[in-house]
Amino acid sequence: NEYKSYLRNVILFPMSEYLSSKSSSSSSRFESIRSGTWSNGVRIFSYKAGTATTIRTKEDKDDIKQHLEQACGTHKIPRISVYMTTVKDDHNTSWFPTNTKQKFRFHAFVIFELSSSSQANDKKYMSLEKDATGITVQVSLTEDDVLTKFGGKEREGPHFEEISDKSDKSTEDLIGFFLKEDFNKSRYEVAKGNHCKTFANDVFNFLANSACVPGIWCSRVCIISYKGGIPETHWTGENEDNIKDKFRIACHSENLKITKVSLLRVPLEGSFLPISSNSKEQSSNDNEKADDEPMDSSKVARVSFLQKQGVTYHAYVVMECCTNSGEKKWISLEKDTQNISIQVSSFERDILLKFDGEFRKGTAKKVISDKARSDATTEKLMKFFNDKHFNKNCYSLVKGDHCKKFTKDIFDFISEERTYDYNARETAAKGAMFGLIGLLGIAAAGAAVVAAVGKAKENKLRDKKNRD
């Protein structure tokens, strides 16, 4: 299943997308706004009384910055949301090649609420999105203009909010980030992972205070600290120093000594997989959503995806630690399809049985346990974590980078003597199966030999009787 998935997604799909994009047919790009090749300039639509005025910038940064500042002004961004809209044959996003639409049934775009610090009622709304021909910005005093329209025309098909979060940043921060990353020069290339969803993910993760776009790998680490059984969730930045600092705060600024390490596994039952607390509120009706929900945002979709790839369980590491005063603490590390999560608590049950305050569905089983090596501490663990760049390694079954591999690496680093082979169980099971097949084959061969000998004896007796 893994190799079929790899062949389909990494080789066949990009090839068909490339050929479709090279096609001379204009049927897939009939909208004049979205037709044509990629442009390094930025399209800016400014709405007044529902009517859009269009500006196309040059590709140099100074010109882009000047026009964006004129359109957006200097505002705070108190809230940011990612919206999805369906991609249909008659949709005004039909610039998607046909083969691309089979994979991308949804188009993603970002909506910002802009507010002035001087005037409470001075609000604006802004949208930012990427398609096959470039980057588009829309600005209006009315949210419906940027949410339901594109270039003055109605977006055809339903749209819905995928995720939303507060932000402490401003339009100056957004423009600086946009220019620094050269988004206007990053062409729409599905095979390289440059498309509307990854663009929305990058912008959202830069501006959002805590949440993370579901279904797309996030390089920030989710740290969950329990106080009295109640979880407090904090997201780190992507850089190593920020991850180390946030983890140290969760450990109450102490360098904890790690005394024991265990590896646990939970069956893929129901919807136990970890998901950010912000996404949980949106996932309450996951079972009622369609199978083609975008970006695998629900736990059910993520579990279903893993099950289809032959994954049967989720693995995580639990460490018993000790403070300088002798107080015990427990820490867990785990990796799922979205990000890496760390939990810290003074009670073992919080770590073993829960994720972000919710009980895991399915019984956790301890697979292997060992004493920690004498010099194992939380600071050395974080150094090892950052040296290996675990937070930047996406969850990939094809590349063998998944929860089992991650937990093995952590366990082997902390363990005093033992190492864990996550393939041992599967190897043993395969060996037993082949052994059973071998035994059955030997038994069948033996029965055939016995039958042949008996037949030979019968023939010999019959010949003797005939001679007599």
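The coordinates are above.
The text that follows walks through the structure, step by step, so that each part is easy to find. Owing to the predicted nature of the structure, the values given are computational and were not obtained by experimental measurement. (Residues numbered from 1 in each chain as written. Predicted model: local features only at pLDDT ≥ 70, side-chain atom pairs only at ≥ 80, totals over all residues. Heavy atoms only, no water.)

## A look at the overall build of the protein
Step number 1: Helix and strand counts for the protein stand at 13 helices and 18 strands.
Step number 2: Counting all 468 residues of the protein, 48% fall into the buried class.
Step number 3: Partitioning the intrachain contacts of the protein with sequence separation of at least 6 by distance along the chain shows that 69% fall at a separation of at least 24.
Step number 4: Just so you have it, the protein exposes about 23,400 Å², and 50% of that area is on carbon and sulfur atoms. (Helix = DSSP H or I, 4+ residues; strand = E, 2+ residues; numbered from the N terminus. Buried < 20%, exposed > 50% of the residue type's maximum accessible area, 1.4 Å probe, protein only. Contact = heavy atoms within 4.5 Å. Areas by Shrake-Rupley, 256 points an atom, 1.4 Å probe, with all protein chains shown as cover.)

## Digging into the packing of aromatic side chains
Two numbers describe a pair of aromatic rings. These are the distance of the centres and the angle of the planes.
Step number 1: Here the structure, examined in full by the defined rule, presents 10 aromatic pairs.
Step number 2: Note on F183 and F199: the rings are 5.1 Å apart at their centroids and 80° apart in plane angle, and the pair reads as edge-to-face. Of the two residues, F183 sits in the loop between helix 5 (171–181) and helix 6 (196–207) while F199 sits in helix 6, which places them 16 residues apart along the sequence.
Step number 3: F199 sits in the buried class, given a relative accessible area of 2%.
Step number 4: Centre to centre, the rings of F384 and F413 are 4.1 Å apart; their planes meet at 5°, and the pair counts as stacked. Residue F384 is located in helix 11 (residues 378–387), and its partner F413 is located in helix 12 (residues 403–414); the two are separated by 29 residues in the primary sequence.
Step number 5: Looking at F413, the relative accessible area reads 18%, which means it is buried.
Step number 6: Cluster of aromatic residues (ring-pair linked, three or more members): F177, F178, F183, F199 and F206.
Step number 7: A cation over a ring is seen here: R265 above Y313, with NZ or CZ 3.3 Å from the ring centre.
Step number 8: If you follow R349 out to its NZ or CZ, it ends over the ring of F347, 4.8 Å from the centre. (Phe/Tyr/Trp six-rings, centres within 6.5 Å; stacked < 30°, edge-to-face > 60°. Lys NZ or Arg CZ within 6 Å of the ring centre and 35° of its normal.)

## Quick look at unusual backbone geometry
Step number 1: Notably, A49 is not glycine yet its phi reads approximately 55°, a positive angle.
Step number 2: With respect to the secondary-structure elements, A49 resides in the loop between strand 1 (42–48) and strand 2 (51–56).
Step number 3: Of note, D182 is a non-glycine position whose phi angle comes to about 55°, a positive value.
Step number 4: When you line up the elements, D182 lands in the loop between helix 5 and helix 6.
Step number 5: Look at D182 and you get partly exposed, because its relative accessible area is 28%.

## A look at the pattern of salt bridges
If charged atoms from side chains of opposite charge come close, those side chains can pair.
Step number 1: Under the defined criterion, the tally for this structure stands at 17 salt bridges.
Step number 2: Notably, a salt bridge pairs D245 with R248, separated by 3.3 Å at the nearest N-O pair. Note that D245 and R248 are positioned in helix 7 (residues 240–250) at a spacing of three residues, about one turn of the helix.
Step number 3: The exposure class assigned to R248 is partly exposed, which follows from its relative accessible area of 27%.
Step number 4: Where K380 meets D375, a salt bridge forms, and the shortest distance between an N and an O atom there is 3.3 Å.
Step number 5: The exposure class of K380 is partly exposed, given its relative accessible area of 36%.
Step number 6: Sharing partners across several salt bridges, the network here consists of D245, R248 and E379. (Salt bridge = Lys/Arg side-chain N within 4 Å of Asp/Glu carboxyl O.)

## A word on the packing of helix 7 against helix 11
Step number 1: Running from N to C, helix 7 and helix 11 cross one another at 155°; their axes reach a closest spacing of 10 Å. What the angle tells us is that helix 7 and helix 11 run roughly antiparallel. As helix 7 packs across helix 11, the resulting crossing turns out to be right-handed. Facing E240, I243, K244, F247 and R248 of helix 7, the residues of helix 11 in contact are T378, E379, M382, F385 and N386.
Step number 2: When the residues that make up the contact of helix 7 with helix 11 are grouped by side-chain class, the tally is four nonpolar, two polar and four charged. (Axes fitted to C-alpha atoms, helices over the stretch in contact; angles between N-to-C directions. Parallel < 35°, antiparallel > 145°, perpendicular 65-115°, else oblique. Left-handed = near helix turned anticlockwise from the far one by under 90°. Nonpolar A, V, L, I, M, F, W, Y, C, P; charged D, E, K, R; others polar.)

## Things to note about the sheet that holds strand 9 (residues 159–166)
By definition, the strands of a sheet pair up through backbone hydrogen bonds, in either a parallel or an antiparallel sense.
Step number 1: Taking strand neighbours across the sheet as the criterion, the seven strands line up as 2-1-6-5-4-3-9 in an open arrangement whose pairing is mixed. Since the sheet does not close on itself, it has two edges, and those belong to strand 2 and strand 9, each with one partner. The mean angle between the axes of side-by-side strands here comes to 20°, regardless of whether they run parallel or antiparallel.
Step number 2: Bridge count for strand 3 (residues 76–86) against strand 4 (residues 106–115) is nine bridges, and the pairing is antiparallel. If you follow T85 over to strand 4, its bridge partner there is H107. (Pairing = 2+ DSSP bridges.)

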